[in-house]
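Secondary and tertiary structure notes
Residues per chain, in single letters:
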Amino acid sequence: MNKIVTNAVHEMLKGTNVKRQLSVPQLIEKSLSRGEGVMTNTGAIHVTTGKYTGRSPNDKFMVEEASTKDKIDWGSVNKPLSAENFDKLYNKVVAGLKEKEEIFVFEGFAGADLDYRLPIRVINELAWHNLFVHQLFIRPTVHELENFDNNNAFTILSCPSIKADKAEDGTNSDTFIAVSLERRCIIIGGSEYAGEMKKSIFGVMNYLLPEQNIMSMHCSANVGEDGDSALFFGLSGTGKTTLSADKHRSLIGDDEHGWSDRGIFNIEGGCYAKCINLTEEKEPEIWNAIKFGAVLENVVLDPNSRVPDFFDVTHTENTRVAYPLEHIENITVPSVAGHPHTIVFLTADAYGVLPPISKLTKEQAMYHFISGYTSKLAGTECGITEPQATFSTCFGAPFMPLHATRYAELLGKRIDQHQTQVFLVNTGWTGGPCGVGNRMKLTYTRTMVNAAVEGNLKHTPTVKNEIFGLEVPIAIEGVPSDILQPEKTWSDQKAYQKQAIDLANQFRENFKQFGTVSEKIAKLGGPQT
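Worth saying up front: this structure is predicted, and the values here are computed from it rather than measured.

Criteria and thresholds
Residues numbered from 1 in each chain as written. Predicted model: local features only at pLDDT ≥ 70, side-chain atom pairs only at ≥ 80, totals over all residues. Heavy atoms only, no water. Buried < 20%, exposed > 50% of the residue type's maximum accessible area, 1.4 Å probe, protein only. Helix = DSSP H or I, 4+ residues; strand = E, 2+ residues; numbered from the N terminus. Arc of directions from axis to C-beta. Contact = heavy atoms within 4.5 Å. pLDDT = per-residue confidence, 0-100. Pairing = 2+ DSSP bridges. Core = buried A, V, L, I, M, F, W, Y, C linked by side-chain atoms within 4.5 Å. Disulfide = S-S within 2.5 Å. Axes fitted to C-alpha atoms, helices over the stretch in contact; angles between N-to-C directions. Expected span 1.5 Å × (residues − 1). Salt bridge = Lys/Arg side-chain N within 4 Å of Asp/Glu carboxyl O. Phe/Tyr/Trp six-rings, centres within 6.5 Å; stacked < 30°, edge-to-face > 60°. Lys NZ or Arg CZ within 6 Å of the ring centre and 35° of its normal.

1. Looking at helix α2 (residues 24–33)
Of all the positions in α2, only Val 24, Leu 27, Ile 28 and Ser 31 are classed as buried. The arc that holds every buried residue of α2, seen down its axis, measures 100°, which confines them to one face. Exposed residues on α2 whose side chains face more than 90 degrees from its buried face are Glu 29 and Ser 33. Looking at the buried residues of α2, the elements they touch are β2 (38–39), β3 (45–47), β6 (103–110) and α4 (127–136). Positive backbone phi, at 75°, marks Gly 35, one or two positions downstream of α2.

2. Comments concerning the confidence of the model for the chain
Confidence along the chain averages 93 in pLDDT terms, with 97% of residues attaining 70 or more. A low-confidence stretch, residues 378–385 (pLDDT under 50), is modelled with 7 contacts involving residues beyond four sequence positions or located in other chains.

3. Overview of the pairing of strand β8 (residues 154–159)
With 6 of 6 residues buried, β8 is to be regarded as a mostly interior element. Residues of β8 alternate between two faces, with Phe 154, Ile 156 and Ser 158 on one and Thr 155, Leu 157 and Cys 159 on the opposite face, all of them buried. Alignment of strand β7 (residues 118–124) against β8, held across 5 bridges, turns out to be parallel. Paired with Arg 121 across the two strands is Thr 155, which belongs to β8. In the sheet, β8 pairs with strand β10 (residues 185–189) via 5 bridges, with the strands oriented parallel.

4. Considerations on the nonpolar core
Counting residues in hydrophobic clusters, the biggest one holds 100 residues, and the most contacted among them are Phe 132, Leu 231, Phe 233, Phe 345, Phe 369 and Phe 468. Top contributing element to this core by residue count: helix α7 (residues 195–211), with 7 residues. In contact with Phe 233, other than residues within four places in its own chain, are Met 217, His 218, Cys 219, Lys 240, Ile 343, Val 344, Phe 345, Leu 346, Phe 369 and Phe 395. Counting residues in hydrophobic clusters, the runner-up holds 25 residues, among them Val 5, Val 18, Ala 178 and Ile 187.

5. Some thoughts on the state of the cysteines
As enumerated under the stated definition, the model contains 0 disulfides in all. Here Cys 219 is not cross-linked by a disulfide; its sulfur's nearest cysteine counterpart is in Cys 394, at 12 Å. When its relative accessible area of 0% is taken as the criterion, Cys 219 is described as buried.

6. Some remarks on the sheet that holds strand β17 (residues 295–297)
Taken in spatial order, the 5 strands make up an open sheet running β2-β3-β17-β20-β16, and their pairing is mixed. The sheet terminates laterally at β2 and β16 (270–274), the two strands that pair on one side only. Bridge count between β2 and β3: 2 bridges; the pairing is antiparallel. In the sheet register, Met 39 faces β3, and the bridge partner there is Ile 45.

7. Section: the pairing of strand β20 (residues 320–324)
The element β20 is extensively covered by neighbouring structure, given that 5 of its 5 residues are classed as buried. Note that β16 and β20 share 5 bridges and pair antiparallel. Residue pairing for β20: Ala 273 is matched across the bridge by Val 321. When β17 meets β20, the two strands line up antiparallel, connected through 3 bridges. Opposite Leu 296, over in β20, you have Val 321 as the bridge partner.

8. Description of the sheet that holds strand β5 (residues 79–81)
Taken in spatial order, the 8 strands make up an open sheet running β1-β6-β7-β8-β10-β9-β4-β5, and their pairing is mixed. A single partner strand is all that each edge strand has here, and the edge strands are β1 (18–20) and β5. When strand polarity is set aside, the average angle formed by the axes of neighbouring strands in this sheet is 25°. On the sheet, helix α3 (residues 83–99) packs against β4 (60–63), β5, β6, β7, β8, β9 (176–180) and β10 and is oriented at approximately 65° with respect to β8. Here α4 sits on the sheet and contacts β6, β7 and β8; the angle it forms with β6, its principal contact strand, is near 15°.

9. Quick word on α7
Its 17 residues place the ends of α7 25 Å apart at the C-alpha level, agreeing with the 24 Å of an ideal helix rising 1.5 Å per residue. Most of α7 sits inside the fold, with 15 of its 17 residues counted as buried. Positive phi appears at Asn 213, one or two residues downstream of α7, with a value of about 65°.

10. Structural notes on the side chain of Arg 414
Mapped onto the elements of the fold, Arg 414 is located in helix α11 (residues 404–418). In this structure Arg 414 touches Asn 213, Ile 214, Met 215, Trp 259, Ser 260, Asp 261, Gln 419 and Thr 420, once residues within four positions along its chain are discounted.

11. Quick look at the pattern of salt bridges
On inspection of all chains with the given rule, the structure shows 28 salt bridges. Of the charged contacts, one joins Glu 168 and Lys 92 as a salt bridge, the two residues approaching to 3.9 Å between their closest N and O atoms. Pair noted here: Glu 168 is in helix α6 (residues 166–169) and Lys 92 is in helix α3, with a separation of 76 residues, a long-range link. With a relative accessible area of 25%, Lys 92 lands in the partly exposed category. Among the salt bridges present, the one from Arg 406 reaches Glu 211, with a minimum N-O distance of 3.6 Å. Note that Arg 406 is positioned in helix α11 and Glu 211 in helix α7, a separation of 195 residues in sequence. Given the relative accessible area of 30%, Arg 406 is considered partly exposed.

12. Details of the packing of aromatic side chains
Overall, the coordinates contain 21 aromatic pairs when judged by the stated rule. Relative to Phe 399, the ring of Phe 202 has its centre 5.9 Å away and its plane inclined at 50°; by these criteria the two rings are tilted. Here the residue Phe 202 occupies a position in helix α7, and Phe 399 occupies one in the loop between β25 (388–391) and α11, the gap between them amounting to 197 residues. For the pair Phe 202 and Phe 399, one class covers both residues: buried. Grouping aromatic residues by their ring pairs yields a cluster made of Tyr 367, Tyr 373, Phe 391, Phe 468, Phe 507, Phe 511 and Phe 514. Cation over ring: Lys 79 sits above Phe 61, and NZ or CZ is 5.9 Å from the ring centre.

Printed below as a string of structure tokens:
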């Protein structure tokens, strides 16, 4: 623990400008009176985040420190910042917060398992930011707050009005998100995007939990009435939130979890859901959660009625809403469950060559977990005119400070210990690539996922996909058999073979970066042709 950091925070908390642990109504009142946001027609508070409507990965840094530098997977994701430059930025942020007429403090936890939770303290320049963290992290009881571990808390100092001098401070712009594991401190300046706070703590947990032999995971989780929990991994646009929301199963959490020797637990106390094209029919849980206490980001509002237009992307396609888990009716309290019986890897393959569902061996599960494949579609980013393969390590590369194999080894160990079944589910295209084929029907995907989660595919006969080596069920009740074999949905078999081999080669090329991965995983887990 760096005593200079600790003492500076403790001194700051003695200031007369400190508003500590305000309630939701108080924070909403402050946000409105300070002109930070407006009320929507359903009682949610609406805000805009200015220049940054998403994370700024090029401005995120890990401090290079003696106790951790040999463990961090340094590179384009985990960029180093010197301790000297961190201290300069830290002093700027502290000075800036001290000068504010009001600052807002939240103390709570990350991690629903009491034995592994992390005490966190967030000090904000903006009242709505403090409302955001109040709803997203785990809120303490009165007793827990009275006994809060001040000395070991991980502290976020967020002051968007403070800018870096990139020549002087060693940053890439005037924005910075810097994490010091030794100092147990995160400093944020230049960006009002609230997701930086949420994901910075997730990155910290992704370092701390594996050190305790706990697998940290970027996934959603639910549990059935019989205690049969399931995990859903997937990048944006693959259907993770939609498919984990099931009226017959209770939600544990929608984004971040840990898997210990006694089961799984949610890292958060809330949800941060995308709102783009949101409708009550498709996403009733999210729709109904946008009420008093929720924070609606960058959605266009009618200036008179204050009704949101979820289809308007004037500000960004990354429109979001933050709300506590209690805004969802069917949740597990506390957010813990036993070991998962089923794991689902979701991918939206825009090439239309991966089977809609496949059973994975342990080695295949580790391979596809490390790969983290999905597709970017034309129009989602500047310059993309046709589908492109994208790979995100462990389905969450931007938040993983350790080498990918560390997380994969924990996954393999857990699969062996608990005989967990793993499935690769393609929610993307069938009958051809995007523009030729069709998107897989959600009703079929949900039927397949339900069959997997309920254990109905455990003994189902399979046939091997020769190119990817995947075991594909021959039949699933409620799903046309031809859809299960992707090559049968293409009118041109040669075109299918060419497209499939091309994707297989992209998998191999991506996997070359993981030089320390055992030959067994690469050989048995990846494409076979």
